[in-house]
Amino acid sequence: MSKEERVKNVNDEIINKLDKVNSLKELNDLKVEYLGKKGKVTELSSLMKDLDNDEKKKYGKLLNELKTNINTKFDTIKQNLELEEINKKLEEEKIDVTLPSTTINVGTLHPVTRVINEIEDLFLSMGYDIAEGPEVETDEYCFEKLNLPKDHPARDMQDSFYINAERLLRTQTSAVQARVMDANKEKSAIRIICPGKVYRREEDATHSHQFTQMEGLIVDKNISLADLKGTLEVFMRKLFGKDRQIRLRPSYFPFTEPSFEVDISCYKCNGEGCSLCKDTGWIEILGAGVVHPNVLRNCGYDPDIYTGFAFGLGIERVAMLKYGINDVRMLFSNDLRLLNEVNRIEGGDLDETK
Amino acid sequence: MKLSKSFLSDYIDLNGIDYNDLAEKMVSIGNEYDSVYKICESTNLVVGKVVECKNHKDSDHLHITKVDIGEKELKQIVCGAPNVKEQIKVIVAKEGAILPGGEIKKCTLKGEVSEGMICSLAEIGLPNEVLKEEDSKGIHILNDDAIVGTDAIKYLGYDDEVIDFELTTNRADLLSIIGMAYEVGAIYNRKPNIKKLNIDDSINKDIILDIKTDKCLMYLGKIVKNVQIKESPQFIKSRLIASGIRPINNVVDISNYVMLEYGNPLHFFDYDKLGNKVIIRCANEKEKFTTLDGKERILNNSDIVIANEDGPVALAGVMGGLNTEVENDTKNIFIEAAIFDPASIRRTSNRILRSEASNRYEKGIDPNVTIKALQRAADLLEKYASGEKQNGIAKYDNTNKEDKIIEITLDKINSVLGMNLTTDDVDNTLDRLNFSYEKNNNNYKVTINSRRLDVNIKEDLIEEIGRIYGFTKIDGKLPILQQKKGVRSRKNLVIKEVKNRLCSLGLTEVIGYSLLSEEKSNMFKIEDYGKISVLDPMSEDRKILRKQLVTSLLDIYNYNKSRNVNNINIFEVGSSYFTKGDEYIEEVLVSGLLSDNIITNEFNNVRIKPDFYLAKGIVENLLKFLGLTNRYEFKSDINVKELHPGRKAGIYVERQLIGYIGQVHPNVEKNELYVFELNLTKLMDKKVRNIKCKEISKFPSVSKDLAFIVDRDVEAINIINEIKKSGGRLLKDIKVFDVYTGDNIDKGKKSIAFSLTFSDISKTLTEEEVMSVFNKIINDVTTKLNVSLRNM
């Protein structure tokens, strides 16, 4: 058999065998068999040494063609086999995507905190500082400095928990007003909000003996009722939507004069009357007024120079209205089914750029 | 204050005014109401005359009556009342009448047809508090002047409309019909129509007043003789009922009637029992005194009493005494009209009894009205009790009755209101308010009538003007102020961030009650503390201010558990309250409770179950978040009896105890619960540096594993600390990757395996360099601690 015939035979043999290869292992074995150190192609190369230059050249070319041909074939088949194997694996790995997901229990902020955060962000942006004071407060700061002397009938408005004759659980965050004004040594302008817990002796579906209040106070020059109304409009529209109207209803608090109960137009019926607003079209939401000159005086401010306004609202009431909770006790029983509902971004008219 | 329309209309023209509209307008000027209603809302009630009354043969108490109600035929009505009889006039509920008890229908009672009902006052729906005992027991018998067939409710005056106001405490003037007339007049721009009285203020020298206390500001007395005690005329009764006061007899009713009219409480003494010397003094300490209601009261020296030579006869401003009570045989009356110190009355009534009188006294009385009330009462006693007014009065008066003058400019009014009122606007509101004034350009000098005790300063007057002019007319604007940024304290920020971090770690924020029971206040106590308790708690459960938050979390856990709520992993940030010496201290705590899987997938068998180490992981995460990496340690040395003794640790930052962590003791909660508590106030006191990133090594690190065999009760931290000390600067990380007891380990021992990571910032470490440190560690740990290297 001529060398050329031998080369052709080996080529045919390999092609024949390659056709039957089914796995990467078989392919590899075949590679060793032909291209390995003792392989059949290697064997053919060994014939070179007995040839003259011309023949070497000719034969060498033939051998190179053979090797290139075989290697290309090997690579193609290898690629195909690998693809097949991956596809098989992927097929096996198929899952049912409709099965339930793994639950990652993230926590949520309490609705009260959520409301406080929202209000704090608003007022910080308007230049108000966040102030705080003790919950175990003195009678002086909770009442007396706020124009509510002992034995004043208006003390009935807030039935308090006393610790002793001089100390009590604060009934209103207004106590912080007096503290901040008192502590301001320069007697300069003040702009604060004060969120915090307060305590009153009452308990029913809309009252809890412990609740959260947010007090706002401006003391500055030339502050008028129109400023109060404008500020409350911004405030209430942030919380309850941009169409809200404000109504100032005269009332009485010892620490403000004039004093108001403030209503917002009902966001459910837009003022037409519904069950939420008890057919009045208005929802009572906070108390406010112009700081009483006695309060300014008691805290070292000259009421002929400074005026101011103050407002206070119950955070639970806001949370109840915003999230449709009808019993304040739900917020203090901390039913996780309720808390976990208040756990996402809201839609509505939150985009204030529009 | 319940305001009767018929009573009010004596003092102001209410023609054409709808009472509901009036109520709404009152709200808009600051006077809220609870409800508007008719005294009696029942329908189809007519005057009937009982023509025939026979006993029912099958009943021991029913009567069969024939009643003339002005229709063609008599009605047969079966009636069970004991006081029904022939010839009386009664209230008949016709068929179809709606009563509080339901609709009246034709029916058969024990075989007899009944075509309606003869009613008691209770049955037609008068409120209990104004009824006498007999009003519920028997039918109401009408006077003979009632006309058969006419509307019985109208006849009785019970068709009167009432607004039940919830007044603000400053408006003492509105606790009178006359005050209300002025207020309503301001709304509708109508002048009140106040009857002029013929006042006899000469001095009657028969009565001797002895005023021993400056808490009595005014005391007037007048004698009316030979009164005849009987029922009041119907209009007085129905007006009292409308006002929520029970009619008693003509004399007592007149004292209440005049109080309602003028707002000044009166007291009527039986003059024969009182005598002619009246002493007003402070009570003696522990002085005993029996009030009208028969109760013995123990007084103290802040109470004011009216007394005669024998002792107290009335608790001033609160209640009269049993010993001088007006009774059915009383002949001669001593009328007291007085003013007492409001604060004293308030203190006494808070302690003893709150009454219509004390409510008015504590809010203040117009000093110009007392003499009028006295005269009016005497006039009414003459008219409706056939009394004989005696000349003159007894008088002590230490009050200032001058009108108040407030000077104000138009500018001031507008600058406070933020409006642009004109002088015409101001003139108009002052006229409506019945305030007289002098005007000079834009300067006002306003005279405030003494009835308005609440208007004293400029701001009060501005409120009055705004109120009547209408605050709704103000246009809101934002204040023009110097620009500044709003700031929050570091504490406020840290609390906010800690809450967010704990939420992201899977815990839900809760808010518990600050007040706890005595029992709970003693739980989860690391140390004794000065408890703060409220003087008069609402209940035993809400008595002491909490020093720890864990029991609140347990309460919330139990609340949810009992409702089958899962995933109870919660935290609270709240204050702890205690005293230290004289100081009241509030510190901020953060507390957490873990009871359920943080990550779950049931079908896939994924469960990150809470255990001590998960709780510890959350706490460590928080401490690192607060910038305290490498500055804290956990030691099992604390003693909290509500924690599992083998699963608890104190948390220390630089040797200061700042909290604890552990499993709740099975005695407290049988389910496996983990809790922690950190004192944020103390943590925030720790100085924390700003973030400066360390250079990250560009060279590879090398890990080496080893394990030590130690006694079972040796804590891993001992070995870790020794490894750290020995490893020096090249040792970057220590991980515990296995803790093992069992086969191949002696009893009483355990194996702890560590993976140590070495690297250098400036070069790749050679095997020799690593091994030299590694071997040093093995050598140091095995020689210094009672441990041996485990062959792996």
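The numbers attached to residues start from 1 for each chain and follow its sequence in the written order. Key to labels: chains lettered from A, ligands numbered from 1, both in the order written. Where local features are concerned, this predicted model is filtered to residues with pLDDT of at least 70; where side-chain atom pairs are given and counted, the filter is 80 or more; whole-chain, interface and lining totals use all residues.

> Would you take a moment to explain the overall build of chain B for this structure?
Helix and strand counts for chain B come out as 21 helices and 43 strands. Taken against the 2.2 N^0.38 rule, which gives 28 Å for 792 residues, the C-alpha radius of gyration of chain B at 41 Å runs more than 25% over that of a compact globule. Taken along its principal axes, the extent of the C-alpha atoms in chain B is 125 × 85 × 60 Å. Put simply, a residue is buried when 20 or more other C-beta atoms lie within 10 Å of its own C-beta and exposed when 12 or fewer do; between those, it is partly exposed, and each C-beta is set from the backbone. With 792 residues in all, chain B has 41% of them scored as buried. Each helix is a run of DSSP H or I of at least 4 residues and each strand a run of E of at least 2, with the numbering of both proceeding from the N terminus. As a reference, a globule follows 2.2 Å times the number of residues to the power 0.38, and the radius of gyration itself is taken over C-alpha atoms.

> Help me understand the overall build of chain A, please; the structure alone is not making it clear to me.
A tally of helices and strands in chain A yields 12 helices and 10 strands. Taking 20 Å as the expected radius of gyration for a compact globule of 354 residues, we find that chain A reaches 43 Å, considerably beyond that expectation. Based on the C-alpha atoms only, the size of chain A along its principal axes is roughly 130 × 45 × 45 Å. For chain A, with 354 residues in total, the buried portion stands at 39%. Nonlocal contacts in chain A, meaning residues at least 24 apart in sequence, comprise 65% of its contacts between residues at least 6 apart. For the purpose of contact definition, each residue receives a C-beta atom placed from its backbone, and two residues are in contact when these atoms lie within 7 Å.

> I keep staring at the packing of helix α9 (residues 342–351) of chain B against helix α10 (residues 356–363) of chain B and nothing clicks. Help me out?
Between two packed helices, what matters for the description is the angle formed by their axes and the separation of those axes. All names here are of chain B. Contact geometry of α9 with α10 gives a least axis separation of 7 Å together with a crossing angle of 145°. By crossing handedness, the relation of α9 to α10 is classed as left-handed. Every residue of α10 that contacts α9 at P342, I345, R346 and S349 is listed here: S358, Y361, E362 and K363. Here the contact of α9 with α10 is composed, by residue class, of 3 nonpolar, 2 polar and 3 charged. Where helices are involved, their axes are fitted lines through C-alpha atoms of the stretch in contact, as for all axes, and angles between N-to-C directions lie from 0 to 180°. We call a crossing left-handed when the near helix sits turned anticlockwise from the far one by less than a right angle, and right-handed when that turn is clockwise. Following the grouping adopted for this structure description, the nonpolar residues are Ala, Val, Leu, Ile, Met, Phe, Trp, Tyr, Cys and Pro, the charged ones are Asp, Glu, Lys and Arg, and the polar ones are all others, Gly among them.

> Help me out: how do you make sense of the sheet that holds strand β39 (residues 674–679) of chain B in this one?
What links the strands of a sheet is backbone hydrogen bonding, and the strands pair in either a parallel or an antiparallel sense. Residue and element names in this part refer to chain B. Two strands qualify as a pair provided that DSSP identifies no fewer than 2 bridges between them. Reading across from one edge, β29-β32-β33-β39-β38-β37-β36 is the order of the 7 strands in this open sheet, with mixed pairing throughout. Among the strands making up the open sheet, the edge pair consists of β29 (508–509) and β36 (632–635). Of the strand pairs in this sheet, strand β38 (residues 656–664) and β39 are connected by 5 bridges, and their pairing is antiparallel. Looking across to β39, one finds that Y660 is bridged to E677. The strands touched by helix α15 (residues 490–504) are β29, β32 (569–580) and β33 (583–594); relative to β32, the strand with the most contacts, the crossing angle is about 145°.

> Just checking my understanding: could you explain unusual backbone geometry for this structure?
The phi angle of most residues is negative, glycine excepted, and most peptide bonds adopt the trans form. Here the amide bond leading from A:E257 into A:P258 is cis, since omega sits at 0°, within 30 degrees of zero. Mapped onto the fold, A:P258 is located in strand β8 (residues 256–265). Phi is positive for B:Q87, close to 80°, though the residue is something other than glycine. Inspection of the secondary structure puts B:Q87 in the loop between β5 (75–79) and β6 (89–93). Since 10 C-beta atoms lie within 10 Å of it, B:Q87 is described here as exposed. Residue B:F524 is not a glycine yet carries a positive backbone phi of 50°. In this structure, B:F524 sits in the loop between α16 (518–521) and β31 (544–545). Given 25 C-beta atoms within a 10 Å radius, B:F524 is considered buried.

> Explanation requested: the domain arrangement of chain A in the structure shown.
Note on interface size: it is often stated as the accessible area lost on association of the parts. Each domain span listed reflects an automatic or database assignment of domains. If you check the domain split of chain A, you get domain 1 (3–92) and domain 2 (111–339). Here the C-alpha centroids of domain 1 of chain A and domain 2 of chain A sit 90 Å apart.

> Whenever I open this one, the interface of chain A and chain B confuses me. Can you help?
Facing 72 residues of chain A, the contacting portion of chain B comprises 76 residues. Sorting elements by how many residues they give to the side of chain A that touches chain B places helix α8 (residues 225–240) of chain A first, with 8 residues. Per-class residue counts for the side of chain A that touches chain B are 35 nonpolar, 20 polar and 17 charged.

> So what exactly am I meant to see when it comes to the environment of A:L168 here?
Among the secondary structure elements, A:L168 is positioned in strand β4 (residues 167–169). As for A:L168 and A:E186, which are separated by 18 residues in sequence, their C-alpha atoms are 29 Å apart.

> How should the sheet that holds β8(A) be read in this particular structure?
In space, the 7 strands of this open sheet follow the order β2-β5-β6-β10-β9-β8-β7 (chain A), with mixed pairing throughout. Here the strands that pair on one side only, and so sit at the sheet edges, are β2 (129–130) and β7 (246–253) of chain A.

> Mind showing me how you'd approach helix α5 (residues 177–188) of chain B here?
The periodicity of an α-helix, 3.6 residues per turn, causes residues three or four positions apart to be oriented the same way. Residues and elements named next belong to chain B. Here a helix's expected span is defined as the number of its residues, less one, multiplied by 1.5 Å. Over its 12 residues, α5 extends 16 Å from the first C-alpha to the last, a length consistent with the 16 Å expected when each residue adds 1.5 Å. Every buried residue of α5 is accounted for by I177, I178, G179, M180, A181, Y182, E183, V184 and A186. Here the buried face of α5 lies against β1 (2–4), α1 (5–8), α2 (19–28), α7 (250–262), α13 (423–432) and α14 (458–469). Positive backbone phi, approximately 55°, marks N189, located one or two places after α5.

> What's the story with the domain arrangement of chain B in this structure? I'm lost.
All names here are of chain B. What the domain assignment lists for chain B is domain 1 (2–39 + 161–188), domain 2 (45–156), domain 3 (208–397), domain 4 (404–473), domain 5 (490–685) and domain 6 (702–789). Each side of the interface is counted separately: domain 1 has 14 residues, and domain 3 has 14 residues. Contributions of two or more residues to the side of domain 1 that touches domain 3 are made by β1, α1 and α5. By residue number, the principal contributor to the side of domain 1 that touches domain 3 is α5, which donates 3 residues. Among the residues making up the side of domain 1 that touches domain 3, the classes are represented as 7 nonpolar, 5 polar and 2 charged.

> So what exactly am I meant to see when it comes to the confidence of the model for chain B here?
Values of pLDDT, the confidence the predictor places in each residue, fall between 0 and 100. Of the residues in chain B, 100% have a pLDDT of 70 or more, and the chain-wide mean is 92. Between the elements of chain B, mean pLDDT differs from a low of 82, seen in helix α3 (residues 133–137) of chain B, to a high of 97, seen in β39(B).

> Is there a simple way to explain helix α6 (residues 234–242) of chain B in this structure?
All names here are of chain B. Most of α6 is tucked away, with 7 of its 9 residues classed as buried. Along α6, the residues that are buried comprise I236, K237, S238, R239, L240, I241 and A242. Downstream of α6 by one or two residues, G244 has phi in the positive range, about 85°.

> Explain the packing of α13(B) against α14(B) to me, please; I cannot follow it from the model alone.
All names here are of chain B. Close contact between α13 and α14 brings their axes to 9 Å; oriented N to C, the two are set at 95°. One way to sum up the angle between α13 and α14 is to call them roughly perpendicular. Note on element contacts: α14 touches α13 through I465, I468 and Y469, opposite D425, V426, T429 and R432. Partitioning the contact of α13 with α14 into residue classes produces 4 nonpolar, 1 polar and 2 charged. An angle below 35 degrees is treated as roughly parallel, one above 145 as roughly antiparallel, one from 65 to 115 as roughly perpendicular, and anything else as oblique.

> Would you take a moment to explain the environment of B:N667 for this structure?
Residue and element names in this part refer to chain B. Inspection of the secondary structure assignment puts N667 in the loop between β38 and β39. Accessibility expressed as a C-beta count within 10 Å gives 9 for N667, which makes it exposed. Between the C-alpha atom of N667 and that of K383, which follows or precedes it by 284 residues, the distance is 78 Å.

> Sorry, what's going on with the environment of B:L643 here?
All names here are of chain B. Secondary-structure assignment places L643 in strand β37 (residues 643–653). Owing to 22 C-beta atoms within 10 Å, L643 belongs among the buried residues under this scheme. Expressed as a C-alpha distance, the spacing of L643 and F524, which sit 119 residues apart in the sequence, is 7.9 Å. Among residues more than four places away in sequence, those in contact with L643 are K648, G662, Q663, V664 and H665.

> Got a minute to help me understand the confidence of the model for chain A in this structure?
Caution is warranted with low-pLDDT regions, since their predicted coordinates should not be read in detail. Summary statistics for chain A give a mean pLDDT of 89 and a share of 98% for residues scoring 70 or more. Within chain A, the element-level pLDDT minimum falls on helix α3 (residues 40–45) of chain A, averaging 80, and the maximum on β2(A), averaging 97.

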